[in-house]
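Structural features, examined
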Amino acid sequence: MARSVATDVTVSRRVLWIGAEAYPLNNIARATTVKVDPPRGQAIARFMKSVVTVIVLAVVALVVLPNGYQDAAALGALVLLGLLVVQLGGVILAKTYYALVIETAGTPNTALVTNDLALVHDLVRMIMEAIDNPQASFHQQVNNYIGQIGDNFNVFGRGNIGKVGN
């Protein structure tokens, strides 16, 4: 689950600071915005499979169980279906996030994540302008969402795990 933390984004003396991370401006090859959508399609597919499973199990329970337990089985199936709907609603209504990605000569780094697309676009523009202007400086405070948002990638170095989806 992601939580929001106020993070300072500053350019001063040819260094981009994002929280406690420092990026010398002359080492930045590219800054870009990446859209991070919740996995809505996967959630709908899981929901449909779960609904079919609950219905099949409820029908089997209604056929197999004696009369006294059929009401409890039907109620249990309805409660499970309700919980599945709530879970699906959480994913369907989840916010879309936007990541500021800084690329250097090494690996790309997700510097911050927020739900404000205009802010991330402005940061990219200001960072790129600061690279061309040695006198540039700015300060911006951003609600940075930390925690697991979207898929987890690590395809560089010895800790290569490839893509791990939500």
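Just above, that's the structure.
Description of the structure in this document. (Residues numbered from 1 in each chain as written. Predicted model: local features only at pLDDT ≥ 70, side-chain atom pairs only at ≥ 80, totals over all residues. Heavy atoms only, no water.)

Concerning the sheet that holds strand E1 (residues 3-12)
Strand order across the open sheet formed by 4 strands is E3-E2-E1-E7, with antiparallel pairing between neighbours. The sheet is open, and its two edges are formed by strand E3 (21-24) and strand E7 (138-146), each paired on a single side. Strand after strand, the sheet turns through a mean of 20° between neighbouring axes, direction not considered. Inspection of the sheet shows strand E2 (residues 15-18) paired to E3 by 4 bridges, in the antiparallel sense. Residue pairing in the sheet places Leu-16 in a bridge with Tyr-23 of E3. Helix-sheet contacts for helix H3 (residues 117-132) involve E1, E2 and E7, and the interaxial angle to E7 is about 135°. (Pairing = 2+ DSSP bridges. Helix = DSSP H or I, 4+ residues; strand = E, 2+ residues; numbered from the N terminus. Axes fitted to C-alpha atoms, helices over the stretch in contact; angles between N-to-C directions. Contact = heavy atoms within 4.5 Å.)

Concerning the packing of helix H1 (residues 40-64) against helix H2 (residues 67-92)
Running from N to C, H1 and H2 cross one another at 180°; their axes reach a closest spacing of 10 Å. It follows from the interaxial angle that H1 and H2 lie roughly antiparallel. Between H1, through Arg-40, Ala-43, Ile-44, Phe-47, Ser-50, Val-51, Val-54, Ala-58, Ala-61 and Leu-62, and H2, the contact on the second element is made entirely by Gln-70, Ala-73, Ala-77, Leu-80, Leu-81, Leu-84, Val-85, Leu-88, Val-91 and Ile-92. Residues belonging to the contact of H1 with H2 are distributed by class as follows: 17 nonpolar, 2 polar and 1 charged. (Parallel < 35°, antiparallel > 145°, perpendicular 65-115°, else oblique. Nonpolar A, V, L, I, M, F, W, Y, C, P; charged D, E, K, R; others polar.)

Description of the side chain of Thr-114
As for its position among the elements, Thr-114 is in strand E6 (residues 109-114). Here the side chain of Thr-114 touches Asn-143 through a polar contact of 3.2 Å, landing on its backbone oxygen. (Polar contact = N/O pair within 3.5 Å; in protein donor to acceptor, adjacent residues only side chain to side chain.)

Considering the pairing of E6
For strand E5 (residues 97-103) and E6, the ladder comprises 5 bridges, and the chain directions are antiparallel. Counted as the bridge partner of Ile-102 is Asn-109 from E6. Linkage of E5 to E6, two consecutive antiparallel strands, is achieved through a turn of 5 residues.

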